[in-house]
Amino acid sequence: MKSTLFKIIGGLLLLALGVFLGRTLLSSSGESTVPMPSTLQYRNVGHSGDTTQVAQRKEFTGQIIEVKKGGSIQEAVKAANPGDLIRVFPGTYSENVYIDKDDISLQGVVIKGEWPTLDGQHKINDAFLYSGNGILIENFKIINYKGNGIMGQAGNNFVIRNNWIIDTGVYGIFPQFGKNGLIEHNVLSVIADAAIYVGMCDNIDVLHNEVFDSVAGIEIENSRHCLVENNYVHDNTGGLLAFITPGLPIKTAFDIIFRNNFVVNNNHPNFGAPGSTVASIPPGTGILIMAADDVIVENNIITGNKNTGITIVDLATGDPKANDPNSEGNPDRVVILDNIMFDNGNDPTGEIKAIMLTQMQTKGPDIFAYGGGTGSTIRDKNRYRTFGLGDYGPAQIEDTKDIKTMMLGAPVPPRSVTDQELGEITYYGVCAGCHALGTTLIGVDTQIIKDIYVDNPQGIVNYITKPLNLRDDYPEMPPQDYLSEEAKMAVANYILEMTN
Amino acid sequence: MENKSTLLKLSILGLLLSGLLLFFFASNKSESYTDLATLNCHCPPGFKLNEDNKCMAKNLYQQYDSPNNQGVGGLQTGLPEGRDGFSPQEIDLGRYLFFDPILSIDGSMSCATCHEPSKGFSDGLPTSIGKDNLKLDRAAPTLWNVGYLNRLFWDGRANSLEEQMATTLFSEVEMANTPENLLSTLNNIDNYRKLFAEAYPDRGKNDDIELDEIYKALSAFQTSLISLNSKYDQYAHGYHEALNEKEIEGMNVFRSFVARCAECHTPPLFTNQQFAVIGTPEPDGLPLDPGAEIPFGDKSMRGAFKVPTLRNIDLTAPYMHSGKFETLREAVEFYTKGRGHAVPEDEKLYIHWHIWEPQLSDYELDRLVDFLKTLNDESFMPKIPEALPSGLNLTFQQTLIP
């Protein structure tokens, strides 16, 4: 009897111990299964075309830098070298993170619904600013910034995904001057201009995002080769936009596909900043194509947009206040394939309302085209209520299923210069300010340097890194330690090999 | 009496001697004068001489690509297409012409009068002073990196340096010369005849100087004014210690989409070479400058100006097209004082969309100024000629640049 009781109590104790151990040990080990960063991976290499799965590009050989609550992401970026992964744990980080390095991955670690959160407190300008190539930013919650959630300037091969962005000022995600990038699985809301703004970029995929309660949902502007697919775009002022803004240095927008998106109930009052291009978008705009060429609209569900489902206009109509003789303002060769469209135009506003009234109609159309443009086509015009599509011929294609992605098959390689070229541009671009071969400028004749350092490029490298003033008749040379090690060695070799 | 005659003899001798001395020194001077007639056969810094005796641009930005070849982007973006391929002799001849007031109708003004090297190749004035001390309408823009610009003048009315200088040389209110007078003046100066023959060896040695040669030489010199080695550039090439914390903060304000400076003043040239109506105020008493509206005949460009480069901006106060702002601090503050706040009431301008209400703090404005000063670089400053081929003097007080 006693032994039975003892066994039961012992069993209970063991059970309690097991539960305790299980809770404490297993739960803490759960977060170590976070996947490797995806800049190290590359989509569509070694995979069939019907997946967005990624294939390994190269082995991860970098360091992992962890940022915990109370730490600084920027400090981690400063410590990071190309190829490193920065993992940010839950906590609130009120900072502006700038990344002027290549191949840095920033990965939030979400634990039990707790996100690493960048909070700009409506005071800080941008959460992430990057200029490097190969930047990954994923799994962050970003709130309350004045400018942008994530802004890129001339960084190629970027991946921005799985971020949750609310009220970050002008733009949510804004790559500018970038080539070959992926923006996917982000949720963005309450953005005063475009939630996702692809500006002056090439070869960008925008996939599987949810954007709502913003002035513009997804905006492809002065960009080429973009695929916008499987996004849920609802309750914005305007949903999907492809257009040319005049007055920008890169002046074209073409080869853009809007495919398989939900473009629903984009009737939000316009709260864009006065003077901004999007401030003139009428609420109730599903898709807006302004001046962009070769835009294909396919298999979208476009419903409940109170002004029009799709608006196609030229610059003279859509943005008459900014002339740019170098921007061609007509939307040419737009292709409308099959789309599900109903319940659009129930309460048109502004010019479209006035124009429809001249047609004795009080509703806006599913598709509205106005102004210049040639070569546009539509697959089945009779399905929709349209205005201004008189010169649209039958579409020459049925679908775009052969186009899986607009991204490139391999990362954009960095422009490579040979050591000889690097030496040459360093010599003439920097050293030539004080040195010339066969003549004395501010510093000594390059011939003297050649004579002293025969077969000793390292000697030149050492000297220019930390010059000693050897000659009283010449001014002291400032250190050239800002040059990269490669540039210093390249220029040393270049000098030693100069003949004229 | 005898004393007097001795004194007379002595003074005659003295006069003779001093005359001889004068002659000796004068002839010495004219010797150095003729020495001018050898033009530099080396390219200026930033250029490499190729086999065809042409100077080809070389700089660290040639390591980088440029999106759609427009030369605008971020830190590591290539430059737009610029002008190079001039001979060292052409460039050097252009240098003499640039500093020589013989180019103006009355020998009072040279290019350097309004584009003075020690003042960032500007003149430090709100608006420049033209012929007969006439106050002109606009400020002299810097010439640093001017070879990369595809439009010249604040209102962009010239498409090339050649077009630009033809306007300035022959404008009645500026250098006020005429093509005929300029050619006859230069062709009557032996030094210039020799220098032009040296710079243009393919034509007959005794041929007359032609206008196109003048334009080309002056263009050649101006395209050699390269400023791409500032502290900012060191940062851009990867040496992040080049800027201190405050300067980096300023750079981040500069490129953020709140201040939006970099949207128009885009690296690496710090201009995107577009036109923008920003609505700056004119100095007291001046009417609104219509800007690009005039050459383009486009109402929407009323008050538009070409976006100027910001390189060496610290050296070219006062700021804006008519010099309204005396300091960089005032200039940056303009952008946060409200969209269109300085537009006259009776004017309707199409203010650029990037002009908005960024609500920059005083701290941020100070940091912006810190950052702008990191764009200074005069390491490729050309030499000012010690003597001019015309024998005239330099038009400005030469300040030595260390």
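Structure: above.
Below is a short write-up of the structure. (Residues numbered from 1 in each chain as written. Chains lettered and ligands numbered in written order. Predicted model: local features only at pLDDT ≥ 70, side-chain atom pairs only at ≥ 80, totals over all residues. Heavy atoms only, no water.)

Often, the extent of an interface is quoted as the loss of accessible area on bringing the components together. With 55 residues of chain A at the interface, the matching set in chain B holds 52 residues. Counting the surface lost from both chain A and chain B, the interface buries some 4500 Å², and carbon and sulfur atoms represent 56% of this. When the buried area of chain A at its contact with chain B is split by residue, Arg415, Tyr428 and Tyr482 of chain A rank highest and sum to 13% of it. At the junction of chain A and chain B, the tally comes to 4 salt bridges. (Contact = heavy atoms within 4.5 Å. Buried area = accessible area lost by both parts, 1.4 Å probe. Salt bridge = Lys/Arg side-chain N within 4 Å of Asp/Glu carboxyl O.)

With the rule as written, the count across this model stands at 4 cavities of 30 Å³ or more. Looking at the largest cavity, its volume works out to about 150 Å³. The wall of the largest cavity is formed by 19 residues, among which Tyr171, Tyr197 and Glu221 of chain A together with Trp353 and His354 of chain B lie closest to the centre. Those elements that place two or more of their residues in the lining of the largest cavity are β15 (171-176) and β21 (216-221) of chain A. When the residues that make up the lining of the largest cavity are grouped by side-chain class, the tally is 9 nonpolar, 5 polar and 5 charged. (1 Å grid on protein atoms, 1.4 Å probe; cavity = no way out; pocket = protein on both sides within 12 Å on 5 of 7 lines; lining within 4 Å. Points joined across faces, edges and corners; volume = space filled by probe spheres on them. Helix = DSSP H or I, 4+ residues; strand = E, 2+ residues; numbered from the N terminus. Nonpolar A, V, L, I, M, F, W, Y, C, P; charged D, E, K, R; others polar.)

Residues and elements named next belong to chain A. With respect to the element layout, Thr61 can be found in the loop between β2 (54-56) and β3 (64-67). Thr61 sits in the exposed class, given a relative accessible area of 70%. Taking C-alpha positions, Thr61 is 9.7 Å from Leu85, a pair spaced 24 residues apart along the chain. (Buried < 20%, exposed > 50% of the residue type's maximum accessible area, 1.4 Å probe, protein only.)

Residue and element names in this part refer to chain A. Taken together, 10 strands build an open sheet; the order of strands is β5-β8-β11-β14-β17-β20-β23-β26-β29-β32 and the sheet is parallel. Across the chains shown, the open sheet's two edge strands, defined by having one partner strand only, are β5 (91-93) and β32 (340-342). Each neighbouring strand pair of the sheet contributes to a mean axis angle of 10°, computed without reference to strand direction. Pairing geometry for strand β17 (residues 187-189) and strand β20 (residues 210-212), over 3 bridges, is parallel. Looking across to β20, one finds that Ser189 is bridged to Phe212. (Pairing = 2+ DSSP bridges. Axes fitted to C-alpha atoms, helices over the stretch in contact; angles between N-to-C directions.)

Time to look at the packing of helix α5 (residues 419-429) of chain A against helix α8 (residues 485-497) of chain A. Residue and element names in this part refer to chain A. Running from amino to carboxyl end, α5 crosses α8 at an angle of 85°, the nearest separation of the two axes being 7 Å. On the basis of their axis angle, the class for α5 and α8 is roughly perpendicular. Counted together, Asp419, Gln420, Leu422, Gly423, Glu424, Thr426, Tyr427 and Tyr428 of α5 and Glu486, Ala487, Ala490, Val491, Tyr494 and Ile495 of α8 form the full contact between these two elements. Each residue belonging to the contact of α5 with α8 can be placed in one class, and the counts come to 8 nonpolar, 3 polar and 3 charged. (Parallel < 35°, antiparallel > 145°, perpendicular 65-115°, else oblique.)

Residue placement: Asn272 of chain B occurs in the loop between α10 (261-264) and β3 (275-277). Within the structure, the side chain of Asn272 of chain B is placed 3.1 Å from the backbone nitrogen of Gln274 of chain B, a separation counted as a polar contact. Contacts of Asn272 of chain B, omitting those with residues within four sequence positions, involve Gly247 and Pro249 of chain A together with Val72, Glu263, Cys264, Thr266 and Val307 of chain B. (Polar contact = N/O pair within 3.5 Å; in protein donor to acceptor, adjacent residues only side chain to side chain.)

Moving on, we get to the sheet that holds β21 of chain A. Strand order in the open sheet formed by 11 strands is β6-β9-β12-β15-β18-β21-β24-β27-β30-β33-β35 (chain A), with parallel pairing between adjacent strands. Each edge of the open sheet is held by one strand with a lone partner, namely β6 (97-99) and β35 (386-387) of chain A. Bridging between strand β9 (residues 126-130) of chain A and strand β12 (residues 148-153) of chain A involves 4 bridges; their strand directions are parallel. Bridging across to β12 of chain A, Tyr130 of chain A finds its partner in Gly152 of chain A. Taken strand by strand, helix α9 (residues 245-255) of chain B contacts β6, β9 and β12 of chain A, and its axis lies near 90° from that of β6 of chain A.

Keep in mind these values describe shape, not function.
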